[in-house]
Amino acid sequence: MMIPILFLLLTPAMAEQLEVLFSLSSFSRQTIMPRGSQTEALLLALRTCFLDVPLARARLVLQVFSETWGEFVDAPHDLSLQGRLKLRAVPAPQKISLESGSTMFFCCDMQERFRPVVKHFADITAVAQRLLRGAAVLGIPVVATEQYPKGLGSTVEELDLGSARMVLPKTQFSMLLPDVLTLLQNSPNISSIVLFGLERLAQAGAVVTTSESVLLQLVGGKDHPDFKEIQQLILRLLPTPGLTPEHTPGSTTTVMQ
């Protein structure tokens, strides 16, 4: 009895597919790409893999895992896929341009019950103090929220929200409440939001920066009529050491444009 033998002929295209592990934010997904794929094609494929992740629509920089250094490094412009590879994308550095007439401050959930449980809460409060006082000097509108204030308490007493445009209670994990959205829709001049407090949006494409940088950009230079007052505010309210992005959510300021 003759037993048929099936031969599978691999085409060059099938034989040249290589495994690639893409990472974006906290997500990792595996795919295959043709040998020789270059940087632009790889970045496009990564975006396609993460269509459900908002950050995929931001300006991204491709990084490749270096076996030599044991960490990710920026991918060369002439990168060519020649073997299995780990790639990730990170937000591209952005130039922040802030003007007092087109900027609004969002102060998120700086409440009493978080004081004993959030690391470096005093530092975060100092940053919020600086920005709120700067907003008062420069006439920047402020929106503040409080997460379930009935159970978590009101905003800490160190922060003066007396001149805030609105202070809203919420139960959702977002500041984009209906009243806030209405305010933004009725403020066509606003093109930048400075977010501070117990919130981080870096993974959604927001730019992480410092309160000093925000305030100095808003005055523009020493010729601004409020420059000296802002300068003294920065010098007077210097946060204590230990405040870095790795330590706690809210430890820095984020800007969305």
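Residues numbered from 1 in each chain as written. Predicted model: local features only at pLDDT ≥ 70, side-chain atom pairs only at ≥ 80, totals over all residues. Heavy atoms only, no water.

Chemist: Could you give me a rundown of the overall build of the protein chain, with the residues and numbers involved?
Modeler: In terms of regular secondary structure, the protein chain is built from seven helices and eleven strands. Per-residue burial for the protein chain yields a buried fraction of 42% across its 257 residues. Nonlocal contacts in the protein chain, meaning residues at least 24 apart in sequence, comprise 70% of its contacts between residues at least 6 apart. Accessible surface computed for the protein chain: about 15000 Å², of which carbon and sulfur atoms make up 58%. (Helix = DSSP H or I, 4+ residues; strand = E, 2+ residues; numbered from the N terminus. Buried < 20%, exposed > 50% of the residue type's maximum accessible area, 1.4 Å probe, protein only. Contact = heavy atoms within 4.5 Å. Areas by Shrake-Rupley, 256 points an atom, 1.4 Å probe, with all protein chains shown as cover.)

Chemist: Kindly report on the confidence of the model for the protein chain, identifying the contributing residues and their values.
Modeler: In the predicted model, the protein chain carries a mean pLDDT of 85, and 84% of its residues have values of at least 70. pLDDT under 50 marks residues 1–13. Its contacts with residues more than four places away, or in other chains, come to zero contacts. The model gives residues 244–251 a pLDDT under 50, and that stretch makes 24 contacts with residues more than four places away or in other chains. (pLDDT = per-residue confidence, 0-100.)

Chemist: Explain the sheet that holds strand β4 (residues 71–74) to me, and be specific about the residues and the numbers.
Modeler: Strands belonging to one sheet form pairs held by backbone hydrogen bonds; the direction of such a pair is parallel or antiparallel. One open sheet holds the five strands; their spatial order is β2-β1-β5-β3-β4, and the pairing between them is mixed. Whereas interior strands pair on both sides, the edge strands pair on one side only; in this sheet they are β2 (27–34) and β4. Mean inter-strand twist for the sheet, computed between neighbouring axes without regard to direction, equals 35°. Bridging between strand β3 (residues 60–66) and β4 involves four bridges; their strand directions are antiparallel. Bridge pairing links serine 66 to glutamate 71 in β4. (Pairing = 2+ DSSP bridges. Axes fitted to C-alpha atoms, helices over the stretch in contact; angles between N-to-C directions.)

Chemist: Report on the packing of aromatic side chains, specifying residues and quantitative values.
Modeler: Per the stated rule, a full pass over the model turns up two aromatic pairs. Judged by centre distance (5.3 Å) and plane angle (75°), the ring pair of phenylalanine 65 and phenylalanine 72 falls under edge-to-face. Assessed through its relative accessible area of 22%, phenylalanine 72 is described here as partly exposed. For the ring pair phenylalanine 105 and phenylalanine 196, a centre distance of 5.9 Å and an interplane angle of 85° mean the geometry is edge-to-face. Separated by 91 residues along the polypeptide, phenylalanine 105 in strand β6 (residues 103–108) and phenylalanine 196 in strand β9 (residues 192–197) bring together distant segments of the chain. According to the relative accessible area criterion, phenylalanine 105 is buried, its value standing at 0%. Across the ring face of phenylalanine 65, the terminal group of lysine 86 is positioned such that the distance to the ring centre comes to 4.9 Å. (Phe/Tyr/Trp six-rings, centres within 6.5 Å; stacked < 30°, edge-to-face > 60°. Lys NZ or Arg CZ within 6 Å of the ring centre and 35° of its normal.)

Chemist: Got a sec to walk through unusual backbone geometry? Specific residues and values, please.
Modeler: A positive phi angle, near 55°, is found at serine 25, a position not held by glycine. Here aspartate 109, not a glycine, exhibits a phi torsion of approximately 55°, which is positive. Topologically, aspartate 109 is positioned in the loop between β6 and α3 (121–138).

Chemist: With reference to specific residues and values, describe the pairing of β2.
Modeler: Strand direction decides the pairing type here: strand β1 (residues 17–24) and β2, joined by eight bridges, are antiparallel. Bridge assignment links phenylalanine 22 to a residue of β2, and that residue is arginine 29. As consecutive antiparallel partners, β1 and β2 are separated by two residues, and within that stretch serine 25 has a phi angle of approximately 55°, a positive value.

Chemist: Let's hear about the side chain of threonine 209: which residues, and what values?
Modeler: Mapped onto the secondary structure, threonine 209 falls in strand β10 (residues 207–209). Residue threonine 209 is classed as buried on the basis of its relative accessible area, which comes to 11%. A polar contact is formed between the side chain of threonine 209 and the side chain of serine 213, at a distance of 3.4 Å. (Polar contact = N/O pair within 3.5 Å; in protein donor to acceptor, adjacent residues only side chain to side chain.)

Chemist: Pulling in residues and values, what's your account of helix α7 (residues 227–236)?
Modeler: Of all the positions in α7, only Phe227, Ile230, Leu233 and Ile234 are classed as buried. Taken down its axis, α7 places every buried residue within 125° of arc, on the same side. For α7, the exposed residues set more than 90 degrees away from the buried face come down to Lys228, Leu235 and Arg236. At its buried positions, α7 is contacted by α3 and α6 (211–219). (Arc of directions from axis to C-beta.)

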